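Working through the structure, step by step
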Amino acid sequence: GKGKYDHYMLKEINEQADSLSNTLGGRITDDGDVDLEEFPRGTFDDVDHVEFIACGTSYHAALYGAQQLQRTGIRATATIASEYDTATVTEDTLTIAVTQSGETADTISALRAAQDAGAETVAVTNVVGSSAAREADHALYIRAGPEIGVAATKTFSSQVATLTLLAHRLSQDLEQGTAREDNEEFFAELQNLPEYIDEVLETSTAEAVGEKYLDKNSYFFIGRDNEYPVALEGALKFKEITYEHAEGFASGELKHGPLALVTPKSVVFSMFTGENGEKTRKNAEEAHTRGADIVAVTDDADSVHEFADTVLHIPETHPDIAGLLANVQLQLVSYYTADLLDREIDKPRNLAKSVTVE
Ligand code: F6R
């Protein structure tokens, strides 16, 4: 049941420290190596590039994951499953389907196409024995526990965490793979992630932020690097459960078109969690000049006070992990906004938890 929570979505957001501990449990050794029992050393010796296929929230996790693979020197792309094309598949391709349910028709169909074209395949999924898990050559479970709310929350975090582990494992097998320079720090911080998430959950002012901007008519989300998939995910979650107009952009793209949409009736959630904060600051300032309210997601409130109307604080951590903390703040903003608007949060109109048609 939902326990003390009004909705499964809020319960699942609040479960994220536990579900992530489960995802990571036993998979990182004391000396900072990754141990995935599914994949003994050498499993991927023949692979020379990696492609992710996924839909919706899982696609955003896949984009984040592809960036993490690139950090370890691996050629990786992420493609929306319904747009997948096998033209560049060879027998050295590793195709990774990311799907919470393991039953999404678009994703299964792309997975089959990849197999037919000769790729080796992995399903990264939450559901043991699901179609994706059965059909792929290998299954890697995200171990997030059942998710009831239609809007995916805790499973996004677990998908991204799983893909960062997989990135490290692949870097050991693939010829072009290299360990991250900051390996030790990264894995130490990854293991601290559940603790940081609890801190966000305990201190978040997302409810007040939701209330403050209820009368706006457009909600934009911007970020760069791993904040970009989080911006897409923030906007998807927001539109899905509030039914308000929301869009996610790469920060740098704002000036290439979307800025025309920005008015005093807009609010721009801007992420400052990585090393390119100065550039995002300029983008946010442009929106601020057009009268938009800026909500900065940052670990350093002092650095944004000149243009940010509101701050959502996250603990300081490794930049590749900070995107996940920002995402939890955005999940909470979407939840509380939808709750204030009295939406049917766990079952948004027109949507299904598992989409079994193409
Ligand atoms: C959004 C959401 C959907 C799913 C998408 C893929 O909150 O839940 O966008 O992420 O339908 O579902 P799976 O991961 O089961 O393949």
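Above: the structure in question.
None of these values were measured; they are calculated from a predicted model. (Residues numbered from 1 in each chain as written. Predicted model: local features only at pLDDT ≥ 70, side-chain atom pairs only at ≥ 80, totals over all residues. Heavy atoms only, no water.)

A few points about the packing of aromatic side chains
Applying the stated rule across the entire model yields 8 aromatic pairs. With centroids separated by 5.1 Å and ring planes inclined at 85°, the aromatic side chains of Phe-186 and Phe-187 adopt a geometry described as edge-to-face. Judged by its relative accessible area of 1%, Phe-186 is buried. With a centroid separation of 4.4 Å and 35° between ring planes, the pair formed by Tyr-219 and Phe-238 is classed as tilted. Taken together, the positions of Tyr-219 in strand S6 (residues 218–223) and Phe-238 in helix H9 (residues 227–242) put the pair 19 residues apart, joining distant regions of the chain. For Phe-238, a relative accessible area of 1% puts it in the buried group. Among the aromatic side chains, those forming a connected cluster through ring pairs are Tyr-219, Phe-221, Phe-238 and Phe-269. Of note, Arg-180 hangs over the ring of Phe-186, and the distance from its end group to the ring centre comes to 3.8 Å. (Phe/Tyr/Trp six-rings, centres within 6.5 Å; stacked < 30°, edge-to-face > 60°. Buried < 20%, exposed > 50% of the residue type's maximum accessible area, 1.4 Å probe, protein only. Helix = DSSP H or I, 4+ residues; strand = E, 2+ residues; numbered from the N terminus. Lys NZ or Arg CZ within 6 Å of the ring centre and 35° of its normal.)

Brief notes about the site of the ligand
Surrounding the ligand, one finds 14 residues, the nearest of these being Ser-58, Thr-99, Gln-100, Ser-101 and Thr-104. Backbone polar atom of Thr-57 to an oxygen atom of the ligand: 3.1 Å apart, as the coordinates give it. Between Gln-100 and the ligand, the recorded distance is 2.7 Å, taken from a backbone N or O atom to an oxygen atom. Only helix H3 (56–71) and H9 provide two or more residues apiece to the shell around the ligand. Of the residues contributing to the shell around the ligand, the split by class is 5 nonpolar, 7 polar and 2 charged. (Near = heavy atom within 4 Å. Polar contact = N/O pair within 3.5 Å; in protein donor to acceptor, adjacent residues only side chain to side chain. Nonpolar A, V, L, I, M, F, W, Y, C, P; charged D, E, K, R; others polar.)

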